[in-house]
Amino acid sequence: MSNEKDTTNLPPKGKAPRFYWFTLKLYPENKRHEHFVKTTLDMLALQWYGILHDKDRYNECKILDKEDGTRELLHKRGDLKKPHYHIMIKVSNAKTVSAMRSII
């Protein structure tokens, strides 16, 4: 067995990797996110898929330890998470993350 890593799918050294699929997590309470989901995706003529998660629940309790020594309960197990969209965008030509960022 060899400890060498398979590098056949990696870009040449110094070049950013390119992808065909990009994922986003957006919140409908954010007006820019909502506008992006309802209008921008279709205007860009990109192939995309999305789902609104509005029934997700936390699996565990989360407590924040503050600098002043106090603790704050952020959420309990079973509490509903904020509604959010999971968006997957597919592009026909592979793009770097920075190139995709400039498009959307």
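Residues numbered from 1 in each chain as written. Predicted model: local features only at pLDDT ≥ 70, side-chain atom pairs only at ≥ 80, totals over all residues. Heavy atoms only, no water.

Per the secondary structure count, the protein chain includes two helices and five strands. The helix and strand sequence of the protein chain, counted from the amino end, reads β-α-β-β-β-β-α. Counting contacts in the protein chain only where the partners sit at least 6 residues apart, residues at least 24 apart contribute 66% of the total. In the structure as shown, the protein chain presents an accessible area of about 8800 Å², 51% of it carried by carbon and sulfur atoms. (Helix = DSSP H or I, 4+ residues; strand = E, 2+ residues; numbered from the N terminus. Contact = heavy atoms within 4.5 Å. Areas by Shrake-Rupley, 256 points an atom, 1.4 Å probe, with all protein chains shown as cover.)

Let's shift gears to a nonpolar patch on the surface. Together, Tyr20, Trp21, Tyr49 and Met88 give the surface a local cluster of nonpolar side chains, amounting to about 430 Å² of exposed area. The topology assignment puts Tyr20 in strand 1 (residues 19-26). (Patch = residues over 30% accessible without salt bridge, like charges linked within 9 Å, V, L, I, M, F, W, Y side chains within 5 Å. Salt bridge = Lys/Arg side-chain N within 4 Å of Asp/Glu carboxyl O.)

Within the structure shown, the criterion is met by two aromatic pairs. Across the ring face of Tyr27, the terminal group of Lys82 is positioned such that the distance to the ring centre comes to 4.5 Å. (Phe/Tyr/Trp six-rings, centres within 6.5 Å; stacked < 30°, edge-to-face > 60°. Lys NZ or Arg CZ within 6 Å of the ring centre and 35° of its normal.)

Before going further, it helps to examine the sheet that holds strand 2 (residues 47-53). Sheet strands pair via backbone hydrogen bonds, and the direction of the pair is either parallel or antiparallel. The strand order 1-5-2 describes an open sheet built from three strands, whose pairing is antiparallel. Each edge of the open sheet is held by one strand with a lone partner, namely strand 1 and strand 2. Each strand of the sheet is rotated relative to its neighbour by a mean of 15 degrees, with strand direction disregarded. Note: strand 1 against strand 5 (residues 84-95), seven bridges, orientation antiparallel. When the bridges of strand 5 are listed, Trp21 appears paired with Lys90. (Pairing = 2+ DSSP bridges. Axes fitted to C-alpha atoms, helices over the stretch in contact; angles between N-to-C directions.)

Core analysis: the biggest nonpolar cluster contains 11 residues, these being Phe22, Leu26, Phe36, Val37, Leu41, Leu46, Tyr85, Ile87, Ile89, Val91 and Met100. Elements with a contribution of two residues or more to this core: strand 1, helix 1 (31-43) and strand 5. A per-element tally of this core places strand 5 first, with four residues. (Core = buried A, V, L, I, M, F, W, Y, C linked by side-chain atoms within 4.5 Å. Buried < 20%, exposed > 50% of the residue type's maximum accessible area, 1.4 Å probe, protein only.)

Moving on, we get to the pattern of salt bridges. Considering all chains together, one arrives at four salt bridges under this definition. Its salt-bridge partner being Asp54, residue Lys55 comes within 3.4 Å of it at the nearest N-O pair. Taking relative accessible area as the criterion, Lys55 reaches 64% and is therefore assigned exposed. Here Glu72 and Lys66 are joined by a salt bridge, their closest N and O atoms 3.3 Å apart. Residue class for Glu72 comes out partly exposed when judged on its relative accessible area of 32%.

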